[in-house]
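# Structural overview for review
Each chain, letter by letter, is given below.
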Amino acid sequence: MKFFLDTANLQEITEARSYGILDGVTTNPSLMAKEGIRGKKAILAHYLAICNLVDGDISAEVLALDYKGMLDEAHELADLHSNIVVKIPCTMEGIQAINTLTQEGISTNCTLVFSLGQALLAAKAGATYVSPFVGRLDDICEDGISLVASIVECYDTYGFNTEVLAASIRHPQHVVRCLEVGADVATCPLSVIQSLFRHPLTDSGLAKFIADSLK
Ligand code: G3P
């Protein structure tokens, strides 16, 4: 399973990259705004900065809601760097745009996916990735991991090539469950990746080894 970092923060990206386990980055308009990145020029420059930090797929989201606007933005983003994956929301216009971009050979990530039906549309349109939002389904008392499992199983059954990118990951248990159900990618905040390193028995075991070695 690949690990993507879900952030637009360059320091966090640099930190996660230093662990040697980072495969890519996902961003969204909220994460870009959190970093104070506003305006087309600044947004494009920031995506380029991320691409220069990480040699892996970098999801950059369109802001337009209409088909033509999405395609125009997608072309600008894709022209920025070969690692850019254009993130497009799972709407009717979005699925149409993904279909066109697939025919043009541009990689896409179909985002804001909350049902198996939406995942089917993303795969049929040829999306490179589909992004089910695990935490946001859990927030409304649905089961986000079950959706990831269903998408993985159905894509396998029908031979779809779209990769399942579990998003809206909130804690380490989400990561482990994604691994168990066969997600291709989990995109996580830095804090979640860091929490995977920690185990109290590792700490106490290490403390004892060090103490014994000094006897
Ligand atoms: O990858 C999507 C993610 O950024 C959304 O996470 O925690 O806002 O649901 P969250």
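Look up: the structure comes first, before these words.
Below or above, wherever it landed, is the structure these notes cover. (Residues numbered from 1 in each chain as written. Predicted model: local features only at pLDDT ≥ 70, side-chain atom pairs only at ≥ 80, totals over all residues. Heavy atoms only, no water.)

### Considerations on helix H4 (residues 67-80)
- When the terminal C-alpha atoms of H4 are compared, their 20 Å separation across 14 residues agrees well with the 20 Å that a helix rising 1.5 Å per residue should span.
- For H4, the full list of buried residues reads Gly69, Met70, Leu71, Ala74 and Leu77.
- Packed against the buried residues of H4 are helix H3 (40-53), strand S3 (57-61), strand S4 (84-89) and helix H5 (92-103). (Helix = DSSP H or I, 4+ residues; strand = E, 2+ residues; numbered from the N terminus. Expected span 1.5 Å × (residues − 1). Buried < 20%, exposed > 50% of the residue type's maximum accessible area, 1.4 Å probe, protein only. Contact = heavy atoms within 4.5 Å.)

### Overview of unusual backbone geometry
- Phi is positive for cysteine 141, close to 65°, though the residue is something other than glycine.
- Assignment of secondary structure puts cysteine 141 in the loop between helix H7 (134-139) and helix H8 (144-158).
- Not every positive phi belongs to a glycine, and serine 168 is a case in point at roughly 55°.
- Among the structural elements, serine 168 can be located in the loop between strand S7 (163-166) and helix H9 (172-181).

### Some words on a nonpolar patch on the surface
- Judged by side-chain polarity, Leu206, Phe209, Ile210 and Leu214 come together as a nonpolar surface patch covering roughly 480 Å² of accessible area.
- Relative to the assigned elements, leucine 214 resides in the segment after helix H11 (200-213).
- Looking at leucine 214, the relative accessible area reads 69%, which means it is exposed. (Patch = residues over 30% accessible without salt bridge, like charges linked within 9 Å, V, L, I, M, F, W, Y side chains within 5 Å. Areas by Shrake-Rupley, 256 points an atom, 1.4 Å probe, with all protein chains shown as cover. Salt bridge = Lys/Arg side-chain N within 4 Å of Asp/Glu carboxyl O.)

### Topic: the sheet that holds strand S1 (residues 2-6)
- Spatially, S1-S2-S3-S4-S5-S6-S7-S8 is the arrangement adopted by the eight strands of the closed barrel, whose pairing is parallel. Strand-to-strand twist of the sheet, defined as the mean angle between neighbouring strand axes without regard to direction, takes the value 30°.
- The pairing of S1 with strand S8 (residues 185-188) spans four bridges and is classified as parallel. Within the sheet, the bridge partner assigned to lysine 2 lies in S8 and is valine 185.
- The sheet strands contacting H4 are S3 and S4, and the helix crosses S4 at an angle near 160°. (Pairing = 2+ DSSP bridges. Axes fitted to C-alpha atoms, helices over the stretch in contact; angles between N-to-C directions.)

### Quick notes on the site of the ligand
- Within the structure, the ligand sits among Asp6, Asn28, Leu31, Phe133, Arg136, Ala167, Ser168 and Arg170.
- Within the side chain of arginine 136, an N or O atom sits 2.6 Å from an oxygen atom of the ligand.
- Residue serine 168 places a side-chain N or O atom 2.7 Å away from an oxygen atom belonging to the ligand.
- Protein chains bury 81% of the 310 Å² of accessible surface belonging to the ligand in isolation.
- Under a 2 Å grid-point criterion requiring more than half of the atoms, the pocket assigned to the ligand is the largest pocket.
- Looking at the shell around the ligand residue by residue, the classes come out as three nonpolar, two polar and three charged. (Near = heavy atom within 4 Å. Polar contact = N/O pair within 3.5 Å; in protein donor to acceptor, adjacent residues only side chain to side chain. 1 Å grid on protein atoms, 1.4 Å probe; cavity = no way out; pocket = protein on both sides within 12 Å on 5 of 7 lines; lining within 4 Å. Sits in = over half its atoms within 2 Å of the grid points. Nonpolar A, V, L, I, M, F, W, Y, C, P; charged D, E, K, R; others polar.)

### Some details on the layout of surface pockets
- Estimates place the volume of the largest pocket at around 340 Å³.
- Taken together, 24 residues form the lining of the largest pocket, with Asp6, Asn28, Leu31, Ser168 and Pro189 sitting closest to its centre.
- Of all the secondary-structure elements, those providing two or more residues to the lining of the largest pocket are helix H2 (29-34) and helix H10 (190-197).
- When residues in the lining of the largest pocket are grouped by element, the largest group, three residues, is from H2.
- A class-by-class count of the residues in the lining of the largest pocket yields seven nonpolar, ten polar and seven charged.
- Taken as a whole, the second largest pocket encloses approximately 250 Å³ of empty space.
- Surrounding the second largest pocket, 15 residues form its lining, Lys40, Ile43, Glu61, Leu63 and Glu73 being those nearest its centre.
- When residues of the lining of the second largest pocket are traced back to their parent elements, those giving at least two are H2, H3 and H4.
- If you tally residues by element for the lining of the second largest pocket, the top one is H3, at four residues. (Points joined across faces, edges and corners; volume = space filled by probe spheres on them.)

Keep in mind these values describe shape, not function.
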